[in-house]
Amino acid sequence: MSPGESFPNQPDNGYFLIGDAAMVLDPTSSHGVLKAIMSGIWVSHAIASELLGNLTEQQAIDHYCLWIHNWFQHDVKNLSSLIAKLPNPPFWI
């Protein structure tokens, strides 16, 4: 996966993608460890909710996918806004 991409859907083979495996926007932003920890915590809550019967497996997957997608889109918006303020922003902004 290259910067600026997110995995469109989580695999359904009994595992979740977390951290940079799930989304990579800007490796220079120093958010890699934060993404790994937060997404790992989120997945652990989703799995616990499923094991406790509060969510189905598909609901747990869907909740996580929505959360990771929203976080990625939020970061895209913020990074695009910052880059657009440059005197000569890249053409792709």
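Since we're looking at a predicted model, the values are computed, not measured.

Each value, and the rule that gives it
- Here the residue index of a chain counts from 1 through its sequence in written order.
- Owing to the predicted nature of the model, reporting of local features is limited to residues with pLDDT of at least 70; listing and counting of side-chain atom pairs is limited to 80 or more, with chain, interface and lining totals taken over all residues.
- Values reported for side chains reflect all heavy atoms of the structure, with hydrogen atoms and water molecules removed beforehand.
- Helical segments are the DSSP runs of H or I of at least four residues, strand segments are the runs of E of at least two, and each set is numbered from the N terminus.
- The cut-offs for exposure are 20% and 50% of the maximum accessible area for each residue type, with area from a 1.4 Å probe on protein chains only; residues under the lower value are buried, those over the upper are exposed, and the others partly exposed.
- Contacts are assigned to residue pairs with any non-hydrogen atoms lying within 4.5 Å of each other.
- Each accessible area value is a Shrake-Rupley result obtained with a 1.4 Å probe; residue values ignore everything except the protein chains displayed when judging cover.
- One number per residue, pLDDT, summarises how confident the predictor is, and it ranges from 0 to 100.
- Axes, fitted as lines to C-alpha atoms, cover a helix only where it is in contact. Angles between the N-to-C directions of the axes lie from 0 to 180 degrees.
- We call two directions roughly parallel when the angle between them is under 35 degrees, roughly antiparallel when it is over 145, roughly perpendicular when it lies between 65 and 115, and oblique otherwise.
- In a left-handed crossing the near helix is turned counterclockwise from the far helix by less than a right angle, and in a right-handed crossing that turn is clockwise.
- Here the expected span of a helix is defined as 1.5 Å times the quantity of residues minus one.
- Any two of the Phe, Tyr and Trp rings considered here, Trp counted by its six-membered ring, make a pair once their centres fall within 6.5 Å; the pair's planes then place it as stacked at under 30 degrees, edge-to-face at over 60, or tilted in between.

This paragraph deals with the overall build of the chain. When its secondary structure is counted, the chain shows two helices and two strands. The N-to-C order of helical and strand elements in the chain reads β-β-α-α. A total of 93 residues make up the chain; the buried ones form 23% of that total. Pairs at least 24 apart in sequence give 42% of the contacts found in the chain among residues at least 6 apart. Working note: accessible area of the chain is about 6300 Å², and carbon and sulfur atoms make up 60% of it.

The next point concerns the side chain of Lys35. Checked against the element boundaries, Lys35 lands in helix H1 (residues 32–51). Beyond its immediate sequence surroundings of up to four residues, Lys35 is in contact with Gly19, Asp20, Met23, Val24, Leu25 and Trp71.

Here we come to the confidence of the model for the chain. Per-residue pLDDT for the chain averages 79, and the proportion of residues at 70 or more is 78%. The least confident element of the chain is strand S1 (residues 5–6), whose mean pLDDT is 52; the most confident is H1, at 89.

With respect to the helices, strands and loops of the structure, Pro89 is situated in the segment after helix H2 (57–84). By relative accessible area, Pro89 is classed as partly exposed at 35%. Residues contacting Pro89, with those up to four places away along its chain left out, are Ile83 and Ala84.

Let's shift gears to the packing of H1 against H2. Where H1 contacts H2, the axes come no closer than 9 Å and their chain directions differ by 160°. With respect to H2, the element H1 is oriented roughly antiparallel. Classified by chirality, the crossing of H2 by H1 is right-handed. Two secondary-structure elements touch here, H1 through Leu34, Lys35, Met38, Ser39, Trp42, Val43, Ala46 and Glu50 and H2 through Glu57, Ala60, His63, Tyr64, Trp67, Ile68 and Trp71.

Moving on, we come to H2. Here H2 is 28 residues long and its end C-alpha atoms lie 40 Å apart, about the 40 Å a rise of 1.5 Å per residue gives. Buried residues of H2: Ala60, Ile61, Tyr64, Cys65, Trp67, Ile68, Trp71, Phe72 and Ile83, and no others.

For the structure shown, the criterion picks out five aromatic pairs. Where Phe16 meets Tyr64, the ring centres are 5.3 Å apart and the plane angle is 85°; that geometry is what we call edge-to-face. Here Phe16 is found in the loop between S1 and strand S2 (23–24), whereas its partner Tyr64 is found in helix H2, with 48 residues between them in sequence. For Phe16, a relative accessible area of 21% translates into the label partly exposed. Assessed through its relative accessible area of 0%, Tyr64 is described here as buried. Three or more aromatic residues link up through ring pairs in this structure, and these residues are Phe16, Trp42, Tyr64, Trp67 and Trp71.

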